[in-house]
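Given next are the chains, with one letter for each unit.
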Amino acid sequence: MTSSFRFLEDIALADSAFEARGDSPSELFAASARAVIETMVAPQTVSSTCTKAITRHDRSLEELLFDWLADIVYLKDAEGLVFQDVVCTVEKRQADGDWQLNGTLTGEPIDPARHELRADIKAITKHRYEVRQDNGGWIATVVMDI
Amino acid sequence: MTVNRITDQIWEIPASEKPGMLVPARIYATEKILTAMDRGVFEQVTNVACLPGIRRYALCMPDGHWGYGFPIGGVAAFDRDTGVISPGGVGYDINCGMRLIRTDLTLADVAPRLERLMTELFRRVPAGVGSKGFIRLNRPEFDEVMRKGARWCVERGYGWHHDLERIEEHGCIPGTDPSKVSDHAVERGISQLGTLGSGNHYLEVQVASDDRIFDKPTAAALGITGHDQIVVMVHCGSRGFGHQVASDYLKVFEKAMRRYGITVKDQQLACAPFRSPEGQDYFAAMNCAANSAFANRQVITHQIREAFSAVFERPAESLGMDIVYDVAHNIAKIERYAEGELVVHRKGSTRAFGPGRPELPEIYRQTGQPVICGGSMETGSYLLVGTDQAMQQTFGSTMHGSGRTMSRAQAKRSVRGEQLQKQMAQRGIIVKAVSMSGLAEEAGFAYKNISDVVEAVDAAGITRKVAELRPIGNIKG
């Protein structure tokens, strides 16, 4: 299994959904973030003029992924940023068993003249939201309100 | 699932159909619309019928389709003392709603300047991903927007004083508390006043022609005089601010449900007793977002008037640009019915109060409340009025739009945005769009025929159609 995502059509008629896959939680988080980014903008039209570092931890991997994706939506509105790429690591902490996320998003302020903008995501939802392990890999199903 | 015909437009799923249902579910639709409805509607409306304190029926309007927790088109009323409040019954876009503005202009006046008018509107009303408005606010000022809604705008010159009586709740819902709103929500919304957003939100220039006015006296009372009169319709909500309030409180309610021993059939139906601290906090925060949406549409109205004034070189006042009405279709409100005070949730459903209700402004006390229903950008939209029957049957509620029948991805595969823009131009509709893929997603064929939906609510008697409004210019995010 490699890190990837595909948009799903049969889940949310009026909205947008995707399934992301990765060999590890880190790859799953990166693939999911790319799906959220690509819902809002064509990443090849975005330059890398700024970076946003995001660190979070949570006992639940599901909640951690949910909050990480919600961060990307938040940055779109609060700081007017869209992204072209993401790097992240997700590991279980020895000390307390929480999952630790260290992520970096690369992108720039929204510029409708240069960016191929797509849909303005309102929220990451819990509808049919799922993170699971399958054949040693990790799979997430996410529905976004458009 | 057992669905019994009550009348030609009312279908009932009995409370015995699903374990936990406290009341029956009722769907307003013609047989044709009912047959075509997605199965999610039936599951979701019966899930809503299981929520604590629900009264009479869980309802769904003919434009209903699958939503998060509640179906879109859903209406449910809960006892104020023993019932719940649910963000899933309001939706992520709190006080998403419709506003209609009339003018004294006709198609003959506007047609020669339509391209320039649409360019001017597109320039003045920001749309699309993460767009920002022209008003810069600090936190105390944004708190005032949350408390005062459209009234805040009018006090600062973004509107006329008599605008307020033509907005549901006079554009200012009481019971707000900005301290119940997260910093995240404020940060997402503070720069977005006066912006459209994307998805199915739009600003549309439309024509009211004589042959599409069904009730001339009522239309005239609402300011719709026909003779190819130009009107402007706006569909948008509380933007990132409201979206974040909804997201925040869904999390709060997930935990609160465990504390109150509430179980629901869908995680997105997360709810809390209305009288609980969590329920009251959400209600106060939701009202803040609802007021910000009224303010958003008010600032957009100001910009529309400025654009018309610039293009026609006359003050907006002399162009007769009064608001016809502004009404929410994603909201929870306290309203009084035979059972007493109820928490009425409308999600993709419009308040449709009949004549005589004290909540209506004097100018509409006789006609009933104006109801604005947006169709797809290629077809048309409708102006209707509320009825006594809606008060008796549907907690004064009706449809809100046409409802999707095709996924966004399928719509994009069927047509390219540029191609659609060209086709619409050939039919006399000028479209300005930030996102061409977003435009393709909103193609007319992706929606139900709004006329079928309007005929269903008209025949059911829960609203009366007044006029159909045909698009000639559209702005999309």
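Here, every reference points to the structure presented above.
Everything in this summary refers to the structure shown in the same document.

Definitions and limits used
- Residues numbered from 1 in each chain as written.
- Chains lettered and ligands numbered in written order.
- Predicted model: local features only at pLDDT ≥ 70, side-chain atom pairs only at ≥ 80, totals over all residues.
- Heavy atoms only, no water.
- Disulfide = S-S within 2.5 Å.
- Pairing = 2+ DSSP bridges.
- Helix = DSSP H or I, 4+ residues; strand = E, 2+ residues; numbered from the N terminus.
- Axes fitted to C-alpha atoms, helices over the stretch in contact; angles between N-to-C directions.
- Contact = heavy atoms within 4.5 Å.
- Buried < 20%, exposed > 50% of the residue type's maximum accessible area, 1.4 Å probe, protein only.
- Parallel < 35°, antiparallel > 145°, perpendicular 65-115°, else oblique.
- Nonpolar A, V, L, I, M, F, W, Y, C, P; charged D, E, K, R; others polar.

Residue and element names in this part refer to chain B. Throughout the structure, instances matching the rule amount to zero disulfides over all chains. Just so you know, Cys236 is unpaired, no disulfide at all, and the nearest cysteine sulfur is the one on Cys96, 7.2 Å from it. Not engaged in a disulfide, the cysteine Cys271 finds its nearest cysteine sulfur in Cys50; these two sulfurs lie 11 Å apart.

Quick look at the sheet that holds strand 4 (residues 81-92) of chain A now. Hydrogen bonds between backbone groups are what pair the strands of a sheet, and the pairing can be parallel or antiparallel. Residues and elements named next belong to chain A. Read from one edge of the open sheet, three strands run 3-5-4, paired in antiparallel fashion. Either end of the sheet is taken by a strand with one partner, and the two such strands are strand 3 (50-58) and strand 4. Strand-to-strand, the axes of this sheet are offset by a mean angle of 15°, without reference to chain direction. In terms of strand pairing, strand 3 meets strand 5 (residues 99-109) through nine bridges, oriented antiparallel. Paired with Thr51 across the bridge in strand 5 is Thr106. Strand contacts of helix 2 (residues 61-78): strand 3, strand 4 and strand 5, with the helix running at about 150° to strand 3, the strand carrying the most contacts.

This part takes up the sheet that holds strand 2 (residues 10-13) of chain B. All names here are of chain B. With respect to topology, seven strands assemble into an open sheet ordered 1-2-3-4-5-13-12, the strand pairing being mixed. Each having just a single partner strand, strand 1 (4-5) and strand 12 (330-337) make up the two edges of the open sheet. Across four bridges, strand 2 lies against strand 3 (residues 25-28) in antiparallel orientation. Residue pairing across strands places Ile10 opposite Tyr28, the latter belonging to strand 3. Running at roughly 155° to strand 4 (residues 58-65), helix 2 (residues 39-48) makes contact with strand 2, strand 3, strand 4 and strand 5 (72-79) of the sheet.

Further remarks concern the pairing of strand 19 (residues 463-476) of chain B. Residues and elements named next belong to chain B. Within strand 19, twelve of the 14 residues are buried, which leaves the element mostly enclosed by the surrounding structure. Relative to strand 19, strand 8 (residues 202-208) runs antiparallel, the two being bridged by six bridges. Bridge pairing in strand 19 places Glu204 opposite Asn474. Looking at chain direction, strand 16 (residues 381-386) and strand 19 are connected through six bridges and run antiparallel. Considered in strand 19, the bridge of Val385 is made with Arg464. Summarising the sheet, strand 18 (residues 430-433) and strand 19 pair through four bridges and their orientation is parallel.

In helix packing, the relevant descriptors are the interaxial angle and the interaxial distance, both defined with respect to the helix axes. All names here are of chain B. Interhelical geometry of helix 5 (residues 139-148) versus helix 10 (residues 277-312) gives an angle of 95° and a closest axis separation of 6 Å. Taken together, the axes of helix 5 and helix 10 lie roughly perpendicular to each other. Residue-level contacts link Val145, Met146, Arg147 and Lys148 of helix 5 to Asn287, Cys288, Asn291, Ser292 and Ala295 of helix 10. The residue inventory of the contact of helix 5 with helix 10, partitioned by class, reads four nonpolar, three polar and two charged.

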